[in-house]
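If you want the building blocks of each chain, they are given just below.
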Amino acid sequence: MSSPASAKVKMKTAAGSDISAEDIQTEVQEIRNNIASLGKTIATYGKTKAGDLQDKASDKSSELIASSQDMQTDLQNQLEVLSGKLEKQVRTKPLQSLAIAAGIGFVLSMLARK
């Protein structure tokens, strides 16, 4: 805090003008206010940027979920088509299908032993 005696002390600046302790305190207070204002501005900017990034991440997440659901649906459709073809093949050629299944089973059992 400034006392009346310190407020009366004057110094000369490099330019030759007088400056008092009160002038210095005023400028220091202005600098503190500017720093506080700058801090608030930076905090607001940071919150805005964080919100923007969060929105972008949320949008990308939604896009990925939708894409994976589409891919799952496509795979299920393909599986149903292949299952239908396999069923048709088994119905039209049951002995050949049985022989193929037995052959695959034999190969898999041989591989499992190793």
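Residues numbered from 1 in each chain as written. Predicted model: local features only at pLDDT ≥ 70, side-chain atom pairs only at ≥ 80, totals over all residues. Heavy atoms only, no water.

## Considering the overall build of the protein chain
Now for step 1: Helix and strand counts for the protein chain come out as three helices and two strands.
Now for step 2: Relative to its 114 residues, the protein chain shows a buried fraction of 2%.
Now for step 3: Within the structure as shown, the protein chain displays about 10200 Å² of accessible surface, and the carbon and sulfur contribution to it stands at 62%. (Helix = DSSP H or I, 4+ residues; strand = E, 2+ residues; numbered from the N terminus. Buried < 20%, exposed > 50% of the residue type's maximum accessible area, 1.4 Å probe, protein only. Areas by Shrake-Rupley, 256 points an atom, 1.4 Å probe, with all protein chains shown as cover.)

## Examining the packing of helix 2 (residues 21-92) against helix 3 (residues 94-113)
Now for step 1: Their axes nearest at 5 Å, the elements helix 2 and helix 3 cross at an angle of 115°. Contacts between helix 2 and helix 3 involve Gln89, Val90, Arg91 and Thr92 on the former and, on the latter, Pro94, Gln96 and Ser97.
Now for step 2: Its residues placed into classes, the contact of helix 2 with helix 3 shows two nonpolar, four polar and one charged. (Axes fitted to C-alpha atoms, helices over the stretch in contact; angles between N-to-C directions. Contact = heavy atoms within 4.5 Å. Nonpolar A, V, L, I, M, F, W, Y, C, P; charged D, E, K, R; others polar.)

## Topic: the pattern of salt bridges
Now for step 1: A full pass over the atoms with the stated rule returns two salt bridges.
Now for step 2: For lysine 60, the salt bridge is made with glutamate 63, and the minimal N-O distance between the two is 3.9 Å. Residue lysine 60 and its partner glutamate 63 are located together in helix 2, separated by three residues, close to a single helical turn.
Now for step 3: Residue glutamate 63 is classed as partly exposed on the basis of its relative accessible area of 48%.
Now for step 4: Put simply, arginine 91 and glutamate 87 hold a salt bridge, and the shortest N to O gap is 3.0 Å. Taken as a pair, arginine 91 and glutamate 87 lie in helix 2 at a separation of four residues, close to a single helical turn.
Now for step 5: Since its relative accessible area comes to 43%, glutamate 87 is described here as partly exposed. (Salt bridge = Lys/Arg side-chain N within 4 Å of Asp/Glu carboxyl O.)

## Structural notes on the confidence of the model for the protein chain
Now for step 1: Mean pLDDT for the protein chain: 87, with 86% of residues reaching 70 or above.
Now for step 2: Within the model, the stretch residues 1-8 combines pLDDT values under 50 with five contacts to residues more than four positions away or in other chains. (pLDDT = per-residue confidence, 0-100.)

## Some remarks on a negative patch on the surface
Now for step 1: There is a patch of like negative charges on the surface, built from Glu22, Asp23, Glu27 and Glu30.
Now for step 2: With respect to the element layout, glutamate 22 can be found in helix 2. (Patch = residues over 30% accessible without salt bridge, like charges linked within 9 Å, V, L, I, M, F, W, Y side chains within 5 Å. Lys, Arg positive; Asp, Glu negative; His and termini not counted. Charge placed at Lys NZ, Arg CZ, Asp CG, Glu CD.)

## Looking at the side chain of serine 97
Now for step 1: Structurally, serine 97 can be placed in helix 3.
Now for step 2: Ignoring anything within four residues of it in the chain, the contact list for serine 97 reads Gln89 and Val90.

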